[in-house]
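# Coordinate analysis (summary)
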Amino acid sequence: MEKTINSEDNVIALSEARKGVQSSIAASNLTPNQIVSLLDKYIIGQKDAKKSVAIALRNRLRRQHVSDDLRDEIMPNNIIMIGPTGVGKTEIARRLAKLAKAPFVKVEASKFTEVGYVGRDVESMIRDLVDQSVAMVRSERSEDVREKAALLVEERLLDILLPPLGSSQNSVDNDEPGEEETPGTALPDEHDKSLEVNRRSRKKMLERLRNGKLEDRQIEMDISGDSPGGMMQIFGPLGQMEEIGGIMQDLMSGLPRKRKKRRVSIADARKLLEQEEVQKLIDMDSVVKEAINKVEQSGIVFIDEIDKIAAPSSGSGGKGPDVSREGVQRDLLPIVEGSNVATKHGMVKTDHVLFIASGAFHVAKPSDLIPELQGRFPIRVELKSLTEDDFYLILTQPDNALIKQYSALLATEGVDLTFSDGAIREIAKIAARVNESVENIGARRLHTIMTNLLEELMFNIPENFADEHVVIDEVMVKEKLNHVVADRDLSQYIL
Ligand SMILES: Nc1ncnc2c1ncn2[C@@H]1O[C@H](COP(=O)(O)OP(=O)(O)OP(=O)(O)O)[C@@H](O)[C@H]1O
Ligand SMILES: [Mg+2]
């Protein structure tokens with residue numbers, strides 16, 4: 001049943017999902033089965049977790065089609081993912097957000113403090129989500145107007161290079177004056193003629209511009225300076241103050257920006273002008289409206305390390321110095337349950353934002369969270385520790401598998417790097433062994449092992465290396481790593 005979808009369908013599903021962005025509320029049309037198959041491309045194993053998130057995502061779409069009165073009653077299925085470090089919790093959430101095309105933020109629960117203490121208040125996660133959504137919608141809209149903007153930019157560049165005759169434009173900033181057929185001050189009776197000449201030279205110039213022949217030419221142009229609110233970032237770390245900073249920034253961005261004259265290449269000018277034109281073509285009010293709608297209907301907040309704000313009930317741990325942990329949980333309640341959060345873009349309702357929490361829960365247990373919060377995360381999924389076989393698959397299967405990454409890196413130097421199957425098996429075996437003997441850091445172990453294994457190669461290419469083909473085999477892996485693995489002290493530091 002699981003493999004009902006082949007990879008070709010996935011590609012179609014993915015590109016469908018991409019198209020789906022255009023619809024304002026970006027619930028992608030992926031079925032739970034398709035979602036799981038897409039996640040399978042990046043994450044090995046963890047079937048239960050994938051299934052849960054797939055259902056939660058699909059329920060969003062289903063909810064959109066429920067009749068109005070019932071729709072508002074249907075709450076998202078917030079999820080807690082429980083599992084040791086490095087087994088794919090964050091990875092699942094991140095990939096999910098990508099394919100859902102939904103606004104997504106990842107926050108660390110341990111960063112928050114109860115209102116009144118110094119630190120970030122929990123509402124900031126919603127503000128971040130809205131910012132993210134605005135950026136997302138804005139970039140979608142930019143895509144839509146890009147072509148139009150490009151034409152306008154072309155026109156502006158042409159005006160700088162060769163102002164149309166009879167226009168009041170006086171900033172002839174041609175680098176090499178007289179190089180083109182720019183007519184001098186024409187006599188009145190020759191006026192018509194010079195108009196015609198100007199028109200023709202502009203046409204020629206446009207052609208050269210389009211052919212990319214002028215990209216390196218320097219021109220002088222007005223550039224809008226940085227927004228005067230730039231300095232407001234100093235408010236950043238101060239929790240609530242950052243919002244004030246944001247508001248001030250908004251107020252100040254209404255002020256006329258300083259314009260500076262600068263010499264730039266046409267290539268750079270094109271980029272700068274394009275930004276300006278795109279900005280002018282986009283209706284920010286409607287962007288914000290859509291962005292807020294997107295957050296309210298399909299936003300996803302990933303709260304990492306939620307176990308860090310749960311106080312273990314028994315044991316010596318007790319109440320540590322961070323007394324505000326429970327306070328943070330209480331502050332979280334209304335947001336997860338659904339409330340209005342004020343952001344610089346307006347009020348945002350959080351009722352239907354999907355929350356996915358995750359934690360290792362080594363010390364504290366989910367039941368150590370305050371009961372009200374537990375109830376708001378009704379779905380629990382456990383992620384499993386990764387085995388040697390999982391490591392083998394993780395090294396080879398995902399689209400972004402480490403082996404593929406390293407091969408791609410070296411391909412840029414003209415070296416063809418391959419691994420024998422035995423080598424990959426050996427790496428997986430070593431990873432599992434070190435995880436067992438030193439500390440279980442999950443798939444992250446593969447990174448440390450691979451860097452160690454390939455360090456010399458990475459260093460010696462390109463100078464001290466002649467071969468075009470490098471094959472890493474089992475013997476090499478053993479030679480390079482076995483003495484480290486055998487020595488527990490050594491592997492503690494190196495692997
Ligand atoms: N099941 C898996 N399949 C493929 N890659 C994985 C898997 N688990 C982990 N990885 C890889 O390991 C890295 C770390 O995983 P991830 O960030 O998801 O860990 P985590 O479970 O969130 O751990 P932590 O509790 O420390 O936050 C990722 O970059 C990912 O590439
Ligand atoms: Mg994580």
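Let us look at the structure shown here. This is a predicted model, so every value here is computed, not measured.

Turning our eyes to something else, we now look at the overall build of the chain. Of regular secondary structure, the chain possesses 18 helices and eleven strands. Across the 495 residues in the chain, those meeting the buried criterion constitute 31%. The long-range share in the chain, meaning contacts at least 24 apart out of those at least 6 apart in sequence, stands at 79%.

Taken together, 18 residues are adjacent to ligand 1, and Gly 88, Lys 89, Thr 90, Glu 91 and Ala 443 come closest. With three residues, the top contributor of residues to the shell around ligand 1 is helix α5 (residues 89-100). Taken together, the residues of the shell around ligand 1 break down into seven nonpolar, seven polar and four charged. Three or more residues apiece are contributed to the shell around ligand 1 by two domains, here domain 1 (7-133 + 288-382) and domain 3 (388-494).

Here the focus is helix α3 (residues 47-64). What sets the pattern is the α-helix's 3.6 residues per turn: residues three or four places apart point alike. An ideal rise of 1.5 Å per residue puts 26 Å on 18 residues; α3 measures up with 26 Å between its terminal C-alpha atoms. Among all positions in α3, only Ala 49, Lys 50, Ser 52, Val 53, Ala 54, Ala 56, Leu 57, Arg 58 and Arg 60 are buried.

Looking now at the pairing of strand β7 (residues 346-349). Where strand β6 (residues 340-343) meets β7, four bridges bridge the pair, whose relative direction is antiparallel. Considered in β7, the bridge of Thr 343 is made with Gly 346. In textbook terms, the turn of a hairpin is the stretch between consecutive antiparallel strands, and for β6 and β7 this stretch comprises two residues.

Once that is clear, we can look at the sheet that holds strand β9 (residues 379-382). The parallel open sheet is built from five strands, whose spatial order is β2-β5-β8-β1-β9. Whereas interior strands pair on both sides, the edge strands pair on one side only; in this sheet they are β2 (104-108) and β9. Looking at each pair of strands side by side, their axes are set apart by 20° on average, direction ignored. Pairing of strand β1 (residues 79-82) with β9 involves four bridges; the strand directions are parallel. Within β9, the position partnered with Ile 82 by the bridge is Glu 382. The strands that α5 touches are β1, β2, β5 (300-304) and β8 (354-359); relative to β5, the one it contacts most, it runs at about 170°.

What follows concerns the nonpolar core. With 87 residues, the main nonpolar core has Ile 356 and Leu 395 as its most contacted residues. Considering every element that reaches this core, the biggest residue donor is helix α15 (residues 421-437), with eight residues. Three or more residues apiece are contributed to this core by two domains, here domain 1 (7-133 + 288-382) and domain 3 (388-494). Residues within four places of Ile 356 in sequence aside, it is in contact with Val 53, Ile 79, Met 81, Ala 93, Ile 300 and Phe 302. Core analysis: the next-biggest nonpolar cluster, separate from the first, contains 13 residues, Ile 160, Leu 161, Ile 266 and Val 278 among them.

Moving on, we come to helix α13 (residues 388-396). Listed in full, the buried residues belonging to α13 are Asp 390, Phe 391, Tyr 392, Ile 394 and Leu 395. At its buried positions, α13 is contacted by α14 (402-411), α15 and α16 (444-460).

When you line up the elements, Ala 149 lands in helix α6 (residues 124-161). Using a count of 21 C-beta atoms within 10 Å as the deciding quantity, one classes Ala 149 as buried. With 125 residues separating them in the primary sequence, Ala 149 and Glu 274 have C-alpha atoms 6.1 Å apart. Excluding its chain neighbours within four sequence positions, the residues that come into contact with Ala 149 are Glu 274, Glu 277, Val 278 and Leu 281.

Moving on to unusual backbone geometry. With an omega dihedral of 10°, the bond running from Ile 461 to Pro 462 counts as a cis peptide bond. Mapped onto the elements of the fold, Pro 462 is located in the loop between α16 and β11 (469-472). Its identity as a non-glycine residue notwithstanding, Lys 101 has a phi of 55°, on the positive side. When you line up the elements, Lys 101 lands in the loop between α5 and β2. Given 19 C-beta atoms within 10 Å, Lys 101 falls into the partly exposed group.

All right, on to the packing of α16 against helix α17 (residues 474-486) then. Here α16 crosses α17 at 110°, and the two axes come no closer than 10 Å. Comparing their axes, α17 and α16 come out roughly perpendicular. Listed contacts from α17 to Ile 449, Asn 452 and Leu 453 of α16 are Val 477, Lys 480 and Leu 481. Considered class by class, the residues forming the contact of α16 with α17 number four nonpolar, one polar and one charged.

The subject of this paragraph is the packing of α3 against α5. The relative placement of two packed helices is expressed as an angle between their axes plus a distance between the axes. Look at α3 against α5: their axes get within 11 Å of each other, and the N-to-C directions meet at 30°. By the angle between their directions, the pair α3 and α5 is classed as roughly parallel. As for how α3 packs across α5, the hand of that crossing is right-handed. Residues Ala 49, Lys 50, Val 53 and Leu 57 of α3 touch α5, and the partners they reach there are Ile 92, Leu 96 and Ala 100. Looking at the contact of α3 with α5, its residues break down into six nonpolar, no polar and one charged.

Reading the values: rules and limits
- Residues numbered from 1 in each chain as written.
- Chains lettered and ligands numbered in written order.
- Predicted model: local features only at pLDDT ≥ 70, side-chain atom pairs only at ≥ 80, totals over all residues.
- Helix = DSSP H or I, 4+ residues; strand = E, 2+ residues; numbered from the N terminus.
- Buried ≥ 20, exposed ≤ 12 C-beta atoms within 10 Å, placed from the backbone.
- Contact = placed C-beta atoms within 7 Å.
- Near = placed C-beta within 6 Å.
- Nonpolar A, V, L, I, M, F, W, Y, C, P; charged D, E, K, R; others polar.
- Domains from an automatic or database assignment.
- Expected span 1.5 Å × (residues − 1).
- Pairing = 2+ DSSP bridges.
- Axes fitted to C-alpha atoms, helices over the stretch in contact; angles between N-to-C directions.
- Core = buried A, V, L, I, M, F, W, Y, C linked by C-beta atoms within 7 Å.
- Parallel < 35°, antiparallel > 145°, perpendicular 65-115°, else oblique.
- Left-handed = near helix turned anticlockwise from the far one by under 90°.

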